[in-house]
Every structure is written in C-alpha cells, then in structure tokens.
Amino acid sequence: MRRKWAIRRLALFILAAMAGTAAAEETAYTLGDVLVTRPRPESGPASTAVVRASDIEARRASTNDTASLLRDLPGVSLYGAGAVSSLPAIHGLADERVRTLVDGADLIAACPNHMNPALSSVDPTRAEEIKIYAGVTPVSVGGDSLGGTLVVDSAKPRFTKAGAKLLTQGEAGAFYRSNGDGHGGNVGVTLASEQLSIRYSGAIAQSGNYQAASAFKPGTATGRAGHTLPLNEVGSTTYKTINQALDISGRSGGHRLDLKLSRQHIPYENFPNQRMDMVGNDNDQIKLGYTGQYGWGLLKARAWREDTKHQMDFGTDKRFWYGTASGGPAAANGNPCSPIGTTCAAGMPMATKAKTDGLAVNIELPLAGSDSLRLGGEYLAYRLDDWWPPSGAGMWPGTYWNIRDGKRDRLALFSEYEVRLWPTLNGLVGLRHEIVRMDTGDVRGYNPSTNGMAPMLNYQQRDGDTFNARDHARTDSNWDLSVLARFTPDATQTYEAGIAQKARSPSLYERYPWSTWSMAASMNNFVGDGNGYVGNLDLKPEVAYTLSLAGDWHDAGQEAWGLRVAPYSTRVKDYIDARCLPGTTCSMYRFNVLQYVNQTARLYGVDISAHRLVARTTGHGNFTMRGVVNYVRGNNRDTGDNLFQIMPLHARLALTQQLGAWSHTLEAQFVAAKSDVSQIRNEIATAGYSLFNLRSRYAWKQAWADFGIENLLDKEYALPLSGVYVGQGTTMSINAVPWGIAVPGPGRSFYVGLTVKF
C-alpha cells in the first residue's frame, strides 16, 4: 500500500511540476516549438486522441502489436494476450466493449479465446493514423459498445497534380529484437497518376519465446518428452505473422472510389494465458468505399466482407498426447500412450470459420453558419461456426459443436447535430437506434450417444439436450444517446462536458457456449484467467450511463506547454460479469467453472496528461517532456466485488531530446500494486514496478535508423492485465497446471530497425 501511494504522489508531482513551471522564466535556455502527440482540440465538441504516422513509425522496430501503439494515450491500457493480439481497454472497458473500425469496417474476433481481435489483422507498418474516442462517444462513430471507439486508417491514396508525370514511391524496412530473437521486414510500393493510385504493402515478422528478467515458475516440464523450458522462459509466446494488402483508388472531380484487399496468414501464435494456441489463422478482407462531394453535402458509403478461418491446438510448449493406456515405451514424438488405446487423444483440434458482411452509408449536411447534420445507417451480418473435430487417437470420436450456425445481425440508424451556439461554445447531440438479432443451431458433444467415460459424456448429453430444447433466437432493441459541449473562453483554456447512454448486446460467445464440462468450458475463455466459462441464453444487453468532464490549459499556441485533466464516471446496468456455475462450488486458489450473468457495475477515474517544452539550446538541442497518469476503479454493485482486469494507477513520463538528425527518448513507466482484484475469478494480485526504456533515432533524407533498449534495468515484474500463466504443461485439465502464477513481462531487450524510402 505504501508503494502504491508513493507512485501516486510521484506521478501527480511530476505532472504538476511540468504544468507549474510552464510560465517560469528560463535564464539559460529559450523556449521554442515542440511537436505534441496529442493534437489540438477539434473544431467540434468531440475530443479525440490521435496516434499519428510519425508516432507509429517510431514504434515499428519495437513491436508488431498494433494495439501497443496506444499505450501512451490517456485512458488506455492493454490486456496482454498473444504477441500481436493485445486487447485495448478504454476506461476499464475492453475487447467487444470497445468498437474497432479499420478503414471504416467493423471487425469482429472469431475465436472462443479471442485470439484474432480486430487490431491484430493490421500490421503497424500499414496503420497510418489511429483515433480514439474515449468515454462519451458521438453516435456517428459509436454503437454496440460501452468504452469508446478506435478508428484505424491505413495510408491515404496519393495522386499527382494535373499534368505531372507518374509517381513511383517505395519503402523497405527490417528489424531485430534480442529478447526472443524477433526479426522481420516490410515493403511498400506506390504507383499513382492524377486519377489512379495503386499501393501494395507487405510485412512479415516472427519471434521465439521471450525471457523474463528472472525465474518465475516452479518447473521446466512441458509435458512433451525431451522438451523443457528454462525457469525464466515464458512459454507459448512464439509467433509468426504475414500480412499483405493491395489498395486501388480512383478519383474524378469531387468523387473517389477505394478498393482495399488484404490477407493475413498466421502460421502460429502461441498464448501464455490460454490453454490452447493458435496453429493457423487466415483472414481475408475486401472493402469498397465511395466518397462524393455534392452541392448539398458529403456522401460516404462503405461495403466490406471479412472471412476468417481459424485453428487452435496445443503448441510446442503444451502437452500434446493425453490418455491412460500403457504397456510400452513412449514414442519418439512424446506419446505417453504407447501402444495407443481408445482412451488416448492426439491433441485437441478446434476450428472456427466466420464471415462478416457490412454496409454503411453516412451523409453530412452543412447547415446555417458552421452547423452540420449527420445521418447514417449501418448493417452488419456476422456468421460463425465453431466446432472441435475428433482427436487423432480416438478419445474424442465425434465432432463437438461449440457454436453451430451462429448468427448476429445489427441494423443501426443514427442522427447527429453539431451546433455552434456562440463563438466560444460548441455543442453536439446525437441519437442512435440499433436492432441486434442473434440465433444459433442445435449442438452436440464429442460422443453424446454413449455413456462411456462418465461423467464427461453424460454431462455433454444432458447439457446438449437442455440447450437444444430451448429457443435460441434473441432480439435486442438498443438506444444510444450522446450530448457533448465544448467551451473555449480564450486561447489558453478549453472545458468539455458530456453525458451518454450506450448499449451493447452480448456476443455469440457470451450467450451460446453450452457445456458445463470443465474441460470444454475452459476452452471458452477470452479473458485469460484460466477459468472455464458457460454461456447464458438469458443475458440482457449492457446499458452504460456515462458522465465525463475535461479541462485543458495551455499556452496560446498550444505548443510550449499543456495540461489536461479529464474525470469520468460510468454506471452499467446489466453489466455482463461472472458467477459460480449454479449447482457447483467455487474454491479459492484454483480454477473454477463460471457462468456469465447480468449484474450492476460502476467505473470511475481520471486521465491526466501534460506536455512541456523544457528548453531549446544551441549546443544540446531541444528538450521536451510528456506525461500521462491514468486511474480507474471498477466494482460490482450487486456483489461488492471488484471488476476483473482493471488496471491499477499507472503513469508514463518521457523526456525527448531533438538534436539535428538525432532524437533520443528516455521513458519511465510507474505502475502501482494491483490489490483490488476480482474474487469470483480468483484474480491474481501483482506487485508495483517501475520500468525504463531508451529509444534513439537517426534520420537521413530518405532513411532512418531506430534502436533502443526496452526494460533498460532488466526489471522483474508481472503484467497486471495479462491473467495467469498457463503457457506450458498439461493445460487440457482445468486444474492440472499450477494456479497463482501471473504472466511476467519481458526482460531486457535490445532492438534495431532500418527503414529506407525510394
């Protein structure tokens, strides 16, 4: 507790000092311009934070996880998962409670463990800009979400001026990271004329397991003959990903047509906090967009399709053969069931196939003065099949259907009015209505026609019959309302206020997983806590009521210094939390089977961000300091429990030196101890820690080199939001792996990257 309060005081003192010294006279240095990562407030009242191309380029060499590009922004934290599949949380609300738009298209995870979230389909080399709408979100970018909206845009098409020659442009880059032996590269080529633009981009990356700073686990066994892991090696953290995209754009007058094709192939991505690993994922996207400027206003239309084929099984660090047969030595591949008997299983293959078709039309009508009216409609059709084929040795003789013929359709209409009441006061009011229809077909277990291996197959028969006897169709009618205002009395201060009602219907993976068998339930888990989860057909939509405020103080040019303080509070009716599965008993210090249930929750907190040009010198360059402090608390109002995976108080502080072609940044991260944990999920408490990173860049006219050190002091620490470590061993049985080990963060890592433009 002392350390938590010490970190809190330190973070607040740093930001107060940065703001408080903004107007002080400098005797040795002269104040000058500084590039700030948070943009100036928009003309309208909807405030956003933006990760721009320059920020993304600076991080490419150190990460292939697009979600990690958001880690420096106010109000954002990350749920750790696979190496390229982190899930961003906004104000304590994450995953499908955050809407994600990639080039205007809604993308949805297609996995019972959410191993392929929307941002994982976008390589950092392809993303050009990421906008975040946190808290009170305009209805034009909201819908079916609670925490906010992420808008990811790839590079805009480039065209030449009239009469100019053909534009040819390219880029190539490569990187290496010492921890895990990570390496990869990217290439991009653009051809453009006055009316046509074509761009191809490709990227490949892979890595082995990363090393923690010290030993963190009790043993080295993986369950495979002859295969062990050192005590400091974090199992199931390897990955390989290949991304390709082709963008074709044409324009004529005030009209533009965009066709975007992309394909992602992930041969493997292993997960240290999941019992299964991803052994194959193919994601194909096609997006067609139209933008037209007419005398009456602006028309935007988008249509898209996403196809996902996803496979899971046990990766190289998890036991592959299961069973009880004996009578001979183990086979060379690690089979403990030699000769193979009927109670042996070769892995546990799981397959998912999903398709999303989407259509969105938006109209913006300019009104008198600077007022505007936005109207829009959206339709999203999501189809999902999730089945588990028979194992290779006969233990599971049939096909297990987790979700069969799953359907989730959304139809939305919205209207939004932006008004300038006075020169100093802007307002925005919006209303959105959505109808969400869901359904699924009948299910079955591996072998429901027999009573062998009781109680597992008996329970599959019982649970399947119970589920199939009920009507699966559900229809929700959801309303979103948002009201925002921005008051700017002068050039040095801005005040914002907003209220909103937002609704989100349950996902297919929250309503429809049906088996109470602990092994099957533990395969339905997208939060990484090691427990098993059973769906609930009677879930209601979540409805959130949010109040947010913000004060922004800065110099008149919004360049030399700034301080922003933004408190917020959210109450969620019918929040989807968890309870112990009815008819069972949950115990502490172990993994349990839980069921989703509607309850009431409250979240509140404050985001504080600041920037300060420390000095401009003739001999040592310009020095800039930036800082962010995020605090959020969440509790279940029905049970008194803490909400799961709420990031503790944390702060980031960065000092950057710009000297000619050189740029150097020393970054410090302070995280308080996580003691407010979810009891129903047996969430693991984690200790507070401090990390330091060092980054440098040297830029030429047509190239730049990045190099740095992550976790400079090789600090041992556990990730507060990454759940439990189940990255090796006998993970199929729910309590066959040790309980209580948090996923550790990476130890020291050196990285280098080189990018050349031509």
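Heads up: the structure comes first, above all this text.
The notes below deal with the structure included here. Starting afresh in each chain, residues are numbered from 1 along the sequence in its written order. The predicted origin of the model limits local features to residues at a pLDDT of at least 70 and limits the giving and counting of side-chain atom pairs to 80 or more, whereas totals for whole chains, interfaces and linings rest on all residues. Heavy atoms throughout the structure, all of them, feed into the side-chain values; hydrogens and water do not.

Secondary structure elements follow DSSP: runs of H or I no shorter than four residues count as helices, runs of E no shorter than two count as strands, and numbering proceeds from the N terminus. In this fold, Asp577 is placed in strand β28 (residues 561–580). A polar contact of 3.1 Å, which involves the side chain of Asp577, links it to the side chain of Asn636. Contacts between residues were defined by any pair of non-hydrogen atoms, one from each residue, lying within 4.5 Å. In this structure Asp577 touches Gln595, Tyr596, Val597, Gln599, Asn636, Leu643 and Arg681, once residues within four positions along its chain are discounted. Polar contacts here mean pairs of N or O atoms no more than 3.5 Å apart (in protein, one a potential hydrogen donor and the other a potential acceptor; neighbouring residues in sequence count only if both atoms are side-chain atoms).

This brings us to the pairing of strand β25 (residues 493–504). Paired strands, as defined in this entry, are two strands with at least two bridges between them according to DSSP. Here strand β24 (residues 474–490) runs beside β25; their pairing, made up of eight bridges, is antiparallel. Among the inter-strand pairings, Leu481 is bridged to a residue of β25, identified as Gln501. A loop of two residues connects β24 with β25, the two strands running antiparallel in sequence. Where β25 lies against strand β27 (residues 542–554), 12 bridges are found, and the strand directions are antiparallel. Within the sheet, the bridge partner assigned to Gln501 lies in β27 and is Tyr545.

Next up on the list: the sheet that holds strand β5 (residues 98–102). Hydrogen bonds between backbone groups are what pair the strands of a sheet, and the pairing can be parallel or antiparallel. Taken in spatial order, the five strands line up as β1-β7-β8-β5-β6 in an open sheet, and their pairing is mixed. Among the strands making up the open sheet, the edge pair consists of β1 (49–51) and β6 (105–106). Where β1 lies against strand β7 (residues 127–134), three bridges are found, and the strand directions are antiparallel. Across the sheet, Val51 pairs through a bridge with Ile130, a residue of β7.

Below, the discussion takes up unusual backbone geometry. With a phi angle near 55°, Asp181 is a residue other than glycine that sits in the positive phi range. Among the structural elements, Asp181 can be located in the loop between β9 (167–177) and β10 (182–192). Exposed residues in this analysis have more than 50% of their type's maximum accessible area, buried residues have under 20%, and partly exposed residues fall in between, with area computed by a 1.4 Å probe over protein chains only. Using a relative accessible area of 41% as the deciding quantity, one classes Asp181 as partly exposed. Positive phi values are uncommon outside glycine, yet Asn682 reaches one of about 50°. Overall, the relative accessible area of 10% leaves Asn682 in the buried class.

Moving on: the pairing of strand β20 (residues 350–366). Side-chain positions along a regular strand alternate between the two faces of the sheet. Two strands pair when backbone bridges link them, and strand β17 (residues 297–313) and β20 are joined in this way by 15 bridges, in the antiparallel orientation. Along β20, the bridge assignment pairs Glu306 with Thr356. Bridge count between β20 and strand β21 (residues 372–388): 16 bridges; the pairing is antiparallel. Bridge pairing in β21 links Thr356 to Tyr382. Counting the residues that bridge the hairpin from β20 to β21 gives five residues, and of these Gly369 lies at a positive phi of roughly 65°.

Here the focus is the nonpolar core. Among the nonpolar cores identified, the biggest contains 71 residues, and Leu70 and Met348 are the most heavily contacted of them. It is β21 that contributes the most residues to this core, four residues altogether. Here Met348 is in contact with Met276, Met312, Asp313, Phe314, Trp388, Tyr446, Met519, Met523 and Met732, once residues within four sequence places are set aside. Grouping buried Ala, Val, Leu, Ile, Met, Phe, Trp, Tyr and Cys residues that are joined through side-chain atoms within 4.5 Å yields what is termed a nonpolar core. If you look at the next biggest cluster of nonpolar residues, it comprises 12 residues, including Ala718, Val724, Val726 and Ile734.

The disulfide criterion is simple: two cysteine sulfur atoms within 2.5 Å. Counting across every chain of the model gives one disulfide. Two residues share a disulfide in this structure: Cys580 and Cys586, whose sulfurs sit 2.2 Å from each other. Across the disulfide from Cys580 to Cys586, rotation about the S-S bond amounts to roughly 100°, and the bridge is consequently right-handed.

What follows concerns empty space enclosed by the protein. Cavities and pockets were defined on a 1 Å grid built from protein atoms only: a cavity is a group of points that admits a 1.4 Å probe but offers it no way out, a pocket is an open group of points flanked by protein on both sides within 12 Å along at least five of seven lines, and a lining residue is one with an atom within 4 Å of any such point. Grid points are joined across faces, edges and corners, and a volume is the space filled by probe spheres set on the points. Scanning the entire structure with this criterion turns up 17 cavities of 30 Å³ or more. Lining the largest cavity are 49 residues, and of these Ser68, Arg71, Tyr717, Leu719 and Pro746 sit closest to its centre. Of all the secondary-structure elements, those providing two or more residues to the lining of the largest cavity are β2 (76–79), β30 (621–636), β31 (650–659), β32 (662–671), β33 (689–699) and β35 (749–757). Just so you know the grouping, Ala, Val, Leu, Ile, Met, Phe, Trp, Tyr, Cys and Pro go in nonpolar, Asp, Glu, Lys and Arg go in charged, and all remaining residues, Gly too, go in polar. Here the residues of the lining of the largest cavity are counted per class, giving 21 nonpolar, 22 polar and six charged.

Glancing now at the side chain of Gln657. For Gln657, the location among the structural elements is in strand β31. A distance of 2.7 Å separates a polar atom in the side chain of Gln657 from the backbone oxygen of His620. Among all residues touching Gln657, those that are not within four sequence positions of it are His620, Asn622, Phe623, Trp662, Ser663 and His664.

Moving on, we get to the packing of aromatic side chains. Pairing of aromatic rings covers Phe, Tyr and Trp, the last through its six-membered ring, and needs centres within 6.5 Å; plane angles under 30 degrees mean stacked, over 60 mean edge-to-face, and all others mean tilted. What the rule picks out here adds up to 20 aromatic pairs. Judged by centre distance (5.7 Å) and plane angle (35°), the ring pair of Trp387 and Trp401 falls under tilted. Residue Trp387 is located in strand β21, and its partner Trp401 is located in strand β22 (residues 400–422); the two are separated by 14 residues in the primary sequence. Between the aromatic rings of Phe670 and Phe692, the centroid separation amounts to 6.4 Å while the plane-to-plane angle is 90°, which identifies the pairing as edge-to-face. Linking Phe670 in strand β32 with Phe692 in strand β33, this pair joins segments that are 22 residues apart in sequence. Put simply, the rings of Trp388, Tyr400, Tyr446, Trp514 and Trp517 pair up and form one aromatic cluster. Charge over a ring is defined by NZ of Lys or CZ of Arg lying within 6 Å of the ring centre and within 35 degrees of the ring normal. Just above the ring of Tyr322 sits the side chain of Arg319; from NZ or CZ to the centre is 5.0 Å. Here the guanidinium or amino end of Arg462 rests over the ring plane of Tyr459, the centre of that ring lying 4.4 Å away.

Further remarks concern the pattern of salt bridges. Definition used for salt bridges: Asp or Glu carboxyl oxygen within 4 Å of a side-chain nitrogen of Lys or Arg. One pass over the structure, following the stated rule, counts 45 salt bridges. Across the salt bridge formed by Asp282 and Arg263, the nearest N and O atoms sit 3.7 Å from each other. On the criterion of sequence distance, the pair formed by Asp282 in strand β16 (residues 277–294) and Arg263 in strand β15 (residues 255–269) is long-range, its members being 19 residues apart. You can call Asp282 partly exposed: its relative accessible area is 21%. Of the charged contacts in the structure, one is a salt bridge between Arg432 and Glu434, with a shortest N-O distance of 2.8 Å. On the basis of relative accessibility, which here comes to 3%, the residue Glu434 falls in the buried class.

Here the focus is the environment of Arg462. Mapping Arg462 onto the fold places it in helix α3 (residues 456–468). Arg462 sits in the partly exposed class, given a relative accessible area of 42%. A sequence separation of 14 residues divides Arg462 from Pro448, and the C-alpha atoms of the two residues are 8.6 Å apart. Within the local environment of Arg462, its side chain forms a polar contact with the side chain of Thr516, the two groups lying 3.1 Å apart.

Taken together, the side chains of Leu166, Val187, Val189, Leu191, Leu196, Ile198, Tyr200, Trp700, Leu754, Val756 and Phe758 define a hydrophobic patch exposed on the protein surface, amounting to about 960 Å² of accessible area. Among the elements of the structure, β10, β11 (196–207) and β35 are those that each provide at least two residues to the nonpolar patch. Within the secondary structure, Val189 is located in strand β10. Any residue with relative accessible area above 30% and no salt bridge may belong to a patch, with like charges joined within 9 Å and the nonpolar Val, Leu, Ile, Met, Phe, Trp and Tyr side chains within 5 Å. Surface accessibility follows the Shrake-Rupley procedure with a 1.4 Å probe radius. Residue values consider only the protein chains on display as shielding.

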